[in-house]
Amino acid sequence: MAARVATRRLLREFESWRADQEEFNESRQKATDAIAAAEATGNEDDIAAAKEAALALEENNPDRGIERLGPAADGDDLFKWEAVLNGRGNVGGGYDDGRWLVSIQLPAAYPNQPPVVSFVTPIMHANVHATTGEVCLDLLKTAWTPALTVVSCMRAVRMLLSNPGTDSPLNIDLAALLRAGDTMAAARLVQLWCEEKRYEGV
């Protein structure tokens, strides 16, 4: 019974995600067309306004940095999802060029129990285990509620990139740099990992 409830919920979430992405892509295409139309007129004010509107659309996208989300490509198991995240635009901390594959394992009792989220692509982060990819995030543990979704989990994980917690870290070395205020050294270490370990799949 619980698995059937979880299945129905996950199907709804996946369809909602796809619909949101289609709607956003349509808005992005309209913004691109508006820029092209403004450039055709040669009016600098119109061009600047169209580009500003397109930029605002990207920056206000709640799913910015989530490139892909849904059931894993290696099978039809609805309880095994994957996401591809990137650090472009608004993360900072050395993560800008990063791109990661993330595994999302849904329990049969979902949404009453949280997903198990881990980075498949190695990442240097105070709240991610460097070997297992385990993510330490309250939302995925004690702060979980059935009102949350897989999408909200991915938004929170991406937000965690720019807001690391150093009180109970999984990566002690990086957390020590951040606690000491050496943000430049921390960002450089992160950047090296992003360059060397970047996920290049689809």
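Residues numbered from 1 in each chain as written. Predicted model: local features only at pLDDT ≥ 70, side-chain atom pairs only at ≥ 80, totals over all residues. Heavy atoms only, no water.

Caption draft 1: Region of the structure containing the packing of helix 1 (residues 2–41) against helix 2 (residues 44–59). Axis separation between helix 1 and helix 2 bottoms out at 8 Å; the angle between their running directions is 165 degrees. Of the possible angle classes, the one that applies to helix 1 and helix 2 is roughly antiparallel. The crossing of helix 1 and helix 2 is left-handed. Only Asp46, Ile47, Ala50, Lys51, Ala54, Leu57 and Glu58 of helix 2 make contact with helix 1, whose side of the interface consists of Phe24, Ser27, Arg28, Ala31, Ala34, Ile35, Ala38, Glu39 and Thr41. Looking at the contact of helix 1 with helix 2, its residues break down into 9 nonpolar, 2 polar and 5 charged. (Axes fitted to C-alpha atoms, helices over the stretch in contact; angles between N-to-C directions. Helix = DSSP H or I, 4+ residues; strand = E, 2+ residues; numbered from the N terminus. Parallel < 35°, antiparallel > 145°, perpendicular 65-115°, else oblique. Left-handed = near helix turned anticlockwise from the far one by under 90°. Contact = heavy atoms within 4.5 Å. Nonpolar A, V, L, I, M, F, W, Y, C, P; charged D, E, K, R; others polar.)

Caption draft 2: Fine view of the pattern of salt bridges. A complete count under the given rule lists 9 salt bridges for this structure. Linking lysine 51 and glutamate 39 is a salt bridge whose minimum nitrogen-to-oxygen distance equals 4.0 Å. With lysine 51 in helix 2 and glutamate 39 in helix 1, this pair connects stretches of sequence that are 12 residues apart. Since its relative accessible area comes to 43%, glutamate 39 is described here as partly exposed. Three or more residues are tied together by salt bridges with common partners; here these are Glu67, Arg88 and Arg99. (Salt bridge = Lys/Arg side-chain N within 4 Å of Asp/Glu carboxyl O. Buried < 20%, exposed > 50% of the residue type's maximum accessible area, 1.4 Å probe, protein only.)

Caption draft 3: Up close: the packing of helix 4 (residues 172–179) against helix 5 (residues 183–197). Their axes nearest at 8 Å, the elements helix 4 and helix 5 cross at an angle of 145 degrees. Two secondary-structure elements touch here, helix 4 through Leu174, Leu177 and Leu178 and helix 5 through Ala185, Ala186, Leu189 and Val190. Tallied by class, residues from the contact of helix 4 with helix 5 come to 7 nonpolar, no polar and no charged.

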